[in-house]
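# Commentary on secondary and tertiary structure
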Amino acid sequence: MFKKILLATDGSEHSIRAADKAIALASLQKGAEIDIVYVIDAKQSKDDVLKHWGRDASDKRKYKLQLIEQKAKHAEVKYETIILHGEPGPSIVEFANKDTYDALVIGSRGLNTFQEMVLGSVSHKVAKRAKCPVMIVK
């Protein structure tokens, strides 16, 4: 039923739980695969560079994705990791709508709760605009 799944992640606890659900869905269907998408927001990227001065900010992103990749490997689910640049909500929607996905799985909250309250959640924006079914995981 779900052979091609898009997992949108930011490394937060909610996105780790979303990864667990995406992997469980993929495990139900032989030959299913997951595309793991991580969006580098220009504003967040600048903060990361300043916060981690002298260290590579990309190492932090790799670490966030490493746990999810390990979970997929352990479950023997085929996956591919895609890094996008831009505003998370629109970037995820644009990427999802360019391809045919059976489902898009995303966590209910990201890393910045204050920004989410003011601007609206990424998961809400994605659910409204994505053409495929969207599972929001709490």
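Values in this document were obtained by computation on a predicted structure and should not be read as measured data.

Here the focus is the overall build of the protein chain. Summing up its helical and strand segments, the protein chain has 6 helices and 5 strands in all. For the protein chain, the N- to C-terminal ordering of α and β elements is β-α-β-α-α-β-α-β-α-α-β. Counting over 138 residues, the protein chain shows a buried share of 40%. The long-range share in the protein chain, meaning contacts at least 24 apart out of those at least 6 apart in sequence, stands at 76%.

Moving on, we come to the pairing of strand E4 (residues 103-107). Across the 5 residues that make up E4, a large majority, 5, are buried. Side chains of E4 alternate between two faces, with Ala103, Val105 and Gly107 and Leu104 and Ile106 buried alike.

Let us now look at the pattern of salt bridges. Per the counting criterion, the structure on display carries 6 salt bridges. Between Glu13 and Arg17 there is a salt bridge; the shortest N-O distance is 3.9 Å. Here the residue Glu13 and the residue Arg17 both occupy positions in helix H1 (residues 13-28), the gap between them amounting to 4 residues, near one helical turn. Its salt-bridge partner being Glu94, residue Lys98 comes within 3.5 Å of it at the nearest N-O pair. Of this pair, Lys98 and Glu94 both sit in helix H4 (residues 88-98), 4 residues apart, roughly one helical turn. Residue classification places Glu94 among the partly exposed positions, given a relative accessible area of 49%.

Right, let's talk about the sheet that holds strand E5 (residues 134-137) for a bit. Taken in spatial order, the 5 strands line up as E3-E2-E1-E4-E5 in an open sheet, and their pairing is parallel. The sheet terminates laterally at strand E3 (78-85) and E5, the two strands that pair on one side only. When the angles between neighbouring strand axes are averaged without regard to direction, this sheet yields 20 degrees. Pairing analysis gives 8 bridges linking strand E2 (residues 33-40) to E3, with the strands arranged parallel. Paired with Asp35 across the bridge in E3 is Glu80. Docked against the sheet, H1 engages strand E1 (4-9), E2, E4 and E5, running at close to 170 degrees with respect to E1. Strands E1, E2, E3 and E4 of the sheet are contacted by H4, whose axis makes an angle of about 130 degrees with E3.

Across the protein chain, the average pLDDT comes to 86, with 79% of residues at or above 70. No element of the protein chain has a lower mean pLDDT than helix H5 (residues 113-119), at 53, and none a higher one than E1, at 97.

Next up on the list: H4. Buried within H4 we find Pro88, Gly89, Ser91, Ile92, Val93 and Ala96. In the core, the buried residues of H4 are packed alongside E1, E2, E3, E4 and helix H6 (122-129).

Turning to unusual backbone geometry, a few remarks are in order. At Glu76, a position not held by glycine, the phi torsion is positive, near 60 degrees. Within the element layout of this structure, Glu76 appears in the loop between helix H3 (57-74) and E3. Exposure remark for Glu76: the relative accessible area of 74% places this residue in the exposed category.

Quick notes on the rules
- Residues numbered from 1 in each chain as written.
- Predicted model: local features only at pLDDT ≥ 70, side-chain atom pairs only at ≥ 80, totals over all residues.
- Heavy atoms only, no water.
- Helix = DSSP H or I, 4+ residues; strand = E, 2+ residues; numbered from the N terminus.
- Buried < 20%, exposed > 50% of the residue type's maximum accessible area, 1.4 Å probe, protein only.
- Contact = heavy atoms within 4.5 Å.
- Salt bridge = Lys/Arg side-chain N within 4 Å of Asp/Glu carboxyl O.
- Pairing = 2+ DSSP bridges.
- Axes fitted to C-alpha atoms, helices over the stretch in contact; angles between N-to-C directions.
- pLDDT = per-residue confidence, 0-100.

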